[in-house]
Structures are given as structure tokens and as C-alpha cells.
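Each chain is listed here by its residues.
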Amino acid sequence: MTSASYHVPVLLEKSVELMLTDKSGIYADGTLGAGGHTRHLLGRLDEGARVFGIDHDDEALAEAASSIKDDRFEAVKGNFGYLATLLPPETHGRVSGILLDLGVSSHQIDAPERGFSFREDGPLDMRMSNLRAKTAHQVVNEYEYEPLRDLLYSYGEERRSPQIAREIIKRRPLNSTHELKACVEQVVRGPHQVKSIARVFQAVRIEVNQELEMLKAGLEQAAHVLEEGGRLVVISYHSLEDRLVKYFMKSGNFKGKIEKDFYGNSVRPLKPLYGKPLTADESERSANPRSRSAKLRAAEKLGKVDA
Ligand SMILES: C[S@@+](CC[C@H](N)C(=O)[O-])C[C@H]1O[C@@H](n2cnc3c(N)ncnc32)[C@H](O)[C@@H]1O
């Protein structure tokens, strides 16, 4: 399998162009995946540059390591929520660009044994990494009604979450992705059924991988390790992620409200480069369906005081 069939990189040109501020700088790709973005970035950098490619999934790391043979590149296993710990201390405050291309790769979704897919039957796993202890099986079979309902509602934005949570509990034990899918099919009929199934799977996946918590931590750490003028580029695929990214880039917190210091100066680490997110153009959207929901936001690290 080639890297391109493993995962087609989304918004490739634009994201790399936006993160590139110094051709000999230090870069971090926090979501290495099959290495599509990192390979393109390396192609644009000079000899003295360094690129750290981080992923918490062994399969992604193995794929990237086998296809990227470059002395400037270093693959690192870990969760970008611990970005500062994963990067060597001498790079802190000196990183020129960071990319987070969030979510699961096509390869992870397409491997039924990973349990992300509702099209193919598989075990209820959904862990993006063996660093995580909790599986979808535990979430679906062990959570009580209220936490289950609430996570389907808040992480899946699924209106019928009370009924679906009750159906899941009624059918326990559930062992496969198709058994989970059948719970949603029982509750939601008609044209919205597939969307509801996707929302429920998204919600369980976010819970298993603690995706929003890790995103918040990763954004804070990215702001910490960037140098002044360095760029943070984030590609997100659903509104829960995009909202966190938007607020953080604007204000440095997750409420989106810019705080002022005693002298009235804004206290925020970053300044967004655009008000609205960038999206894929029509040709990319038709060639790569995954790009249709992608939203790219970019921000620049400010100096200590942003007047
Ligand atoms: C959308 S894919 C990235 C694809 C990559 N940009 C490419 O072009 O091949 C997301 C990757 O990020 C990894 N990932 C997601 N969340 C992560 C996290 N919190 N820490 C580390 N890796 C993460 C996933 O395992 C997956 O391999």
C-alpha cells in the first residue's frame, strides 16, 4: 500500500505554506499519520531544518517511518496533548511551525479491526493508540444511563441521545460495531439515520480518546513552544474541535474572550491569520470526500505584550 492510498492529505499546499516561516527552522507535525504533510514540508525546507513527526498510533508511525528517509526528520510516539514533553527542551520557544491535522486517518477508519467503522463490522475498540486504556466496549457496556446520554449529546450533538442511550443499555452486552449501529437504527429511521449513526460513533470515539481534552492541552502547549512569529496551523473536521481552535487562536482560552492586563494590553499568545476558516476547493472536495468537512485555521505567535 502506498502512503497516498493509506491517507490522502487534506489542504496540503495551503497548510504547509501557512506554517512555513523559516526554511531552516524547527517544525512539529503533531498528527503525523501517513506523513503526507510532513513529506511535503520537508520538500520545502533547507538542510538545517528539523521536523518532529508525532503520532500516538504505532501503525501510523511505522508507515511514516518506512516512507520518510530524511536526516532532518524524527518520528516520535506520543500524544500531542503532551507536546512540550515530547519535544526536546532546547526547542521550547524556538519552534517555527506546528501542524495538527485532527481526528482519525483513512487507514484507521478503513481497518475494521480498529472498530471505528460502522460500514464494516468489527470489535468495539476505537482506540487511536495503545497508549489509551479505555475501549469503546467499556464506554458502551459500562457507562450508566446519564453519562452515556450526555456524551452522545455533547460529543455527537445527537438530538435522540436519550432514546439511543436507553436502547444501548437494553441491548447490552454489545460486542461489535454493527451491534452499536443497530441500536441507532432502531431509534432513528429515515433519511437522518446514517448521520445519527456517524454522530454516535463520533461521540464514542471522542470519549475513548479524550480528544477534546487532548486538543485543549495540545493547543496550550503549541502556543508555549512556538517562537515569536511562529505559526500554528490546525485542520479540524467537526464543529466541537473547530470551536475550541477558533476560541483559543483568538483569545488564548476556550471561552473566546480576550483578557486584558492591568495596563489594558491584551493577554493572548496568538493572533489568528484569518477570521473565517479556510476550506477545500471544489476539485479537492470531489477528489477526496474527507476534505469536505475540513476547516483550516492558522495563527501566529505574538510577543509578550500584544497592545
Ligand atoms: C488525519 S490523520 C493525519 C494525516 C496526516 N496529516 C497525513 O497527511 O498523512 C490524524 C493522525 O493523527 C493521529 N492523532 C490523532 N490525535 C492525536 C493525538 N492527540 N496525539 C497524537 N496523534 C494523534 C492519528 O493517530 C492519525 O494518525
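Now for a description of the structure that goes with this document.

About the cut-offs
- Residues numbered from 1 in each chain as written.
- Predicted model: local features only at pLDDT ≥ 70, side-chain atom pairs only at ≥ 80, totals over all residues.
- Heavy atoms only, no water.
- Near = heavy atom within 4 Å.
- Polar contact = N/O pair within 3.5 Å; in protein donor to acceptor, adjacent residues only side chain to side chain.
- Nonpolar A, V, L, I, M, F, W, Y, C, P; charged D, E, K, R; others polar.
- 1 Å grid on protein atoms, 1.4 Å probe; cavity = no way out; pocket = protein on both sides within 12 Å on 5 of 7 lines; lining within 4 Å.
- Points joined across faces, edges and corners; volume = space filled by probe spheres on them.
- Helix = DSSP H or I, 4+ residues; strand = E, 2+ residues; numbered from the N terminus.
- Buried < 20%, exposed > 50% of the residue type's maximum accessible area, 1.4 Å probe, protein only.
- Contact = heavy atoms within 4.5 Å.

### Some words on the site of the ligand
Phase 1: In the region of the ligand, 25 residues are neighbours, and His-37, Asp-55, Asn-79, Asp-101 and Gln-108 sit closest.
Phase 2: Here Phe-80 contributes a backbone N or O atom positioned 2.9 Å from a nitrogen atom of the ligand.
Phase 3: Gln-108 places a side-chain nitrogen or oxygen 2.9 Å from an oxygen atom of the ligand.
Phase 4: Taken together, the residues of the shell around the ligand break down into eight nonpolar, 13 polar and four charged.

### What about empty space enclosed by the protein?
Phase 1: Summed over the entire model, instances satisfying the criterion amount to one cavity of 30 Å³ or more.
Phase 2: Thr-31, Asp-101, Leu-102, Gly-103 and Met-128 are the residues nearest the centre of the largest cavity, which is lined by 31 residues in total.
Phase 3: Every element with two or more residues in the lining of the largest cavity is listed here: helix H3 (36-44), strand E2 (50-55) and helix H12 (211-225).
Phase 4: Residues of the lining of the largest cavity, tallied by class, amount to 12 nonpolar, 14 polar and five charged.

### Thoughts on H3
Phase 1: The complete set of buried residues in H3 reads Gly-36, His-37, Thr-38, Leu-41 and Leu-42.
Phase 2: For H3, the secondary structure elements touched by its buried residues are helix H2 (12-19), strand E1 (26-29), E2, strand E3 (73-77), strand E4 (95-101) and strand E5 (226-236).

Purely geometric stuff here, so don't read any function into it on its own.
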